[in-house]
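Below are the chains, spelled out letter by letter.
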Amino acid sequence: MSAYSSDQNLDVTDATGNGVEVDVATNLLDGTVRLSVLWTDGIHLHPDDAERVAQALLRAAEHGRSIAEARNRGSDNFVASR
């Protein structure tokens with residue numbers, strides 16, 4: 001099982017038609033955000049697709065912040081209860 005949750009709303013492929021994909025995912029354990037370009041080292045995006053990737057990164061950042069904050073609250077409660 002992966003600790004990462006991909007943005008299911010993001011469906012972006014390379015503008016040149018070579019099948020390269022972008023994936024934005026949030027680590028459900030620590031809130032970090034992963035940006036992956038699948039099948040290659042680079043990708044060419046149409047402007048609208050670049051905007052969709054940016055929006056996906058913003059959603060992942062917000063999701064990651066909430067995970068990290070919840071994790072920090074949990075560790076604060078643990079320290080306070082000792």
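Above this note sits the structure.
Residues numbered from 1 in each chain as written. Predicted model: local features only at pLDDT ≥ 70, side-chain atom pairs only at ≥ 80, totals over all residues. Heavy atoms only, no water.

K.L.:
Could you clarify how one ought to interpret the nonpolar core in this entry?
P.N.:
In summary, soluble globular proteins display a tendency toward joint burial of nonpolar side chains. With seven residues, the main nonpolar core is built from L10, V12, V22, V24, V53, A56 and A60. The element best represented in this core is helix α1 (residues 47-81), accounting for three residues. Excluding anything up to four places from it in sequence, A60 contacts V24, T26 and V33. (Core = buried A, V, L, I, M, F, W, Y, C linked by side-chain atoms within 4.5 Å. Buried < 20%, exposed > 50% of the residue type's maximum accessible area, 1.4 Å probe, protein only. Helix = DSSP H or I, 4+ residues; strand = E, 2+ residues; numbered from the N terminus. Contact = heavy atoms within 4.5 Å.)

K.L.:
Can you help me understand a nonpolar patch on the surface in this one?
P.N.:
Together, V33, L35 and L57 make up an exposed nonpolar region whose accessible area comes to about 220 Å². Relative to the elements of secondary structure, L57 occurs in helix α1. (Patch = residues over 30% accessible without salt bridge, like charges linked within 9 Å, V, L, I, M, F, W, Y side chains within 5 Å. Areas by Shrake-Rupley, 256 points an atom, 1.4 Å probe, with all protein chains shown as cover. Salt bridge = Lys/Arg side-chain N within 4 Å of Asp/Glu carboxyl O.)

K.L.:
Help me understand the sheet that holds strand β3 (residues 33-38) in this model?
P.N.:
Whenever strands of a sheet pair, they do so through backbone hydrogen bonds, lying parallel or antiparallel. The strand order across the open sheet built from three strands is β1-β2-β3, with neighbouring strands paired in antiparallel fashion. Two strands bound the open sheet, and with one partner strand each, they are β1 (4-6) and β3. Within the sheet, the average angular offset between the axes of one strand and its neighbour, ignoring direction, is 35°. Pairing analysis gives six bridges linking strand β2 (residues 21-27) to β3, with the strands arranged antiparallel. For D23, the partnering residue across the bridge sits in β3 and is S36. (Pairing = 2+ DSSP bridges. Axes fitted to C-alpha atoms, helices over the stretch in contact; angles between N-to-C directions.)

K.L.:
I would appreciate a short explanation of the environment of G31 in the present structure.
P.N.:
Within the secondary structure layout, G31 lies in the loop between β2 and β3. You can call G31 buried: its relative accessible area is 11%. As a C-alpha pair, G31 and V20 span 11 residues in sequence and 26 Å in three-dimensional space. Setting aside its immediate chain neighbours within four residues, G31 contacts T26, G64 and I67.

K.L.:
Help me understand the environment of D11, please; the structure alone is not making it clear to me.
P.N.:
Along the chain, D11 turns up in the loop between β1 and β2. Taking the C-alpha atoms as reference, D11 lies 30 Å from R71; in sequence the two are 60 residues apart.

K.L.:
Whenever I open this one, unusual backbone geometry confuses me. Can you help?
P.N.:
Generally, phi is negative for residues other than glycine and the peptide bonds are trans, each holding for most cases. With a phi close to 80°, W39 is a non-glycine residue in the positive phi region. With respect to the helices and strands, the residue W39 is situated in the loop between β3 and α1. Exposure remark for W39: the relative accessible area of 67% places this residue in the exposed category.

K.L.:
What exactly am I supposed to notice about the pattern of salt bridges here?
P.N.:
Pairs can form between side chains of opposite charge once their charged atoms are near each other. Per the stated rule, a full pass over the model turns up four salt bridges. Among the salt bridges present, the one from R59 reaches D7, with a minimum N-O distance of 2.8 Å. One end of the pair, R59, is in helix α1; the other, D7, is in the loop between β1 and β2, with 52 residues separating them in the sequence. Overall, the relative accessible area of 37% leaves R59 in the partly exposed class. Taking relative accessible area as the criterion, D7 reaches 15% and is therefore assigned buried. The closest approach of N and O atoms between D49 and R52, which form a salt bridge, is 2.4 Å.

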